[in-house]
Amino acid sequence: MTLAFGALGSAPFPPDIQEHLAGRDLPPPREDGIRDATNDAVLALVGVTLSFGGVVALQDIDLVARRGEILAIIGPNGAGKSSLINVISGVYRPDRGHVRLAGRAYAQVPTQKLARLGIARTFQNLALFKGLNVLDNVTAGLAHKTRSSFVEQIVGLGRSRTEEIEARNRAERVLDFLHLSHVGERLAGTLPYGLQKRVELARALVAEPDILLLDEPMAGMTATEKNEMAGFVRASRDEFGTTVVLIEHDIGVVMGLSDRVAVLDYGRKIADDTPDEIQRDQRVIDAYLGVTPENEDGEGI
Ligand SMILES: Nc1ncnc2c1ncn2[C@@H]1O[C@H](COP(=O)(O)OP(=O)(O)OP(=O)(O)O)[C@@H](O)[C@H]1O
Ligand SMILES: [Mg+2]
């Protein structure tokens, strides 16, 4: 299995993002190391602006995620939600502004060190190794932790074998936690879509990240599957104390699951508040929700 880990190698980005990374003149990985002891937020975006040619995907975004909270990002298609997660995970370097993680500021978050920075993510489009079984897919979420040094392998310290066993044990525990043990040996590509999304969550969670970035984890699911997934996201936060940044279109799920909701519209953050306040915010209703909760109940305004 050591070989398999080696083959799995770095973080499993989907093809479009790999292409993007390959085609870019990326700056060398670095940690800017600007320490800011006053900032106790787990994650903050400060004045982040990102453009693609003439399209401004994110405009002067300030956003803070506090330890252990579930922060939902909502907004219409093209509002900049995925771009925001791609900035946090270092796929994009903002034109202006920076990302703060545990008090350090990054002009671009070093993608290669994402796991070591305590960040794990899922993707809007499924990014599983469809030809590998579920257990191997989840174990791949620990690839960064299971590579022994070359010297250790040569002198036969056997650490890789121990690491491998520990990695599989952890993967099995996460499968159990997310009620996936019964499909551990199945090829990921053969599972129903809803279960594949849950396997992606398992792969992200296995590293016990401080911050979990979930880009539409419930997209395309049935109502029952969405509720199950919401339950698993909440349980993940409760069990591991993970801060969750969640993009989701289903407003019912968002309101029931999140502690706080940030609303994007045309790359701008137009609101950032509790779910209750967000539902009553006229700008949010105009830009995204369309109807007030009172209207939905048929009582009108
Ligand atoms: N790699 C890219 N190249 C060019 N334009 C991009 C790129 N990524 C995003 N954009 C543009 O930036 C804007 C924001 O896109 P983004 O994918 O962040 O929106 P979103 O809120 O996630 O939308 P959706 O709900 O449809 O997933 C859109 O106008 C999009 O076309
Ligand atoms: Mg998106």
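Use the structure listed above.
Below is a short write-up of the structure.

Looking now at the pattern of salt bridges. Overall, the coordinates contain 11 salt bridges when judged by the stated rule. Here Arg173 and Glu166 are joined by a salt bridge, their closest N and O atoms 3.8 Å apart. Its relative accessible area of 48% is what places Arg173 among the partly exposed residues. A relative accessible area of 38% means that Glu166 is categorised as partly exposed. Measuring nitrogen to oxygen at the nearest pair gives 3.8 Å for the salt bridge that ties Glu200 to Arg203. Taken as a pair, Glu200 and Arg203 lie in helix α7 (residues 193-205) at a separation of three residues, close to a single helical turn. What you see here is one network of salt bridges that share partners, running through Glu69, Arg260, Lys269 and Asp272.

Right, let's talk about helix α8 (residues 223-240) for a bit. Helix length check: α8 (18 residues) gives 26 Å between terminal C-alpha atoms against 26 Å at 1.5 Å per residue, within 8%. If you check which residues of α8 are buried, you get Lys226, Met229, Ala230, Phe232, Val233, Ser236 and Arg237. Mapping the buried residues of α8 onto a view down its axis gives an arc of 160°, with all of them on the same face. Seen from the buried face of α8, the exposed residues on the opposite side, beyond 90 degrees, are Thr224, Asn227, Asp238 and Glu239. Within two residues after α8, Gly241 carries a phi angle of roughly 65°, on the positive side.

Next up on the list: helix α11 (residues 282-289). All buried positions along α11 are accounted for by Val284, Ile285 and Leu289. An end-on view of α11 places all buried positions within 100° of arc, on one side of the element. Away from its buried face by more than 90 degrees, α11 exposes Arg283 and Asp286. Considering only its buried residues, α11 is in contact with α9 (251-257), β10 (260-265), β11 (268-273) and α10 (275-280). The N-cap of α11, judged by a side-chain oxygen 2.9 Å from the amide nitrogen of Arg283 a few residues on, is Asp281.

The rules behind each value
Residues numbered from 1 in each chain as written. Chains lettered and ligands numbered in written order. Predicted model: local features only at pLDDT ≥ 70, side-chain atom pairs only at ≥ 80, totals over all residues. Heavy atoms only, no water. Salt bridge = Lys/Arg side-chain N within 4 Å of Asp/Glu carboxyl O. Buried < 20%, exposed > 50% of the residue type's maximum accessible area, 1.4 Å probe, protein only. Helix = DSSP H or I, 4+ residues; strand = E, 2+ residues; numbered from the N terminus. Expected span 1.5 Å × (residues − 1). Arc of directions from axis to C-beta. Contact = heavy atoms within 4.5 Å. Polar contact = N/O pair within 3.5 Å; in protein donor to acceptor, adjacent residues only side chain to side chain.

Shape is all these values report; function is a separate question.
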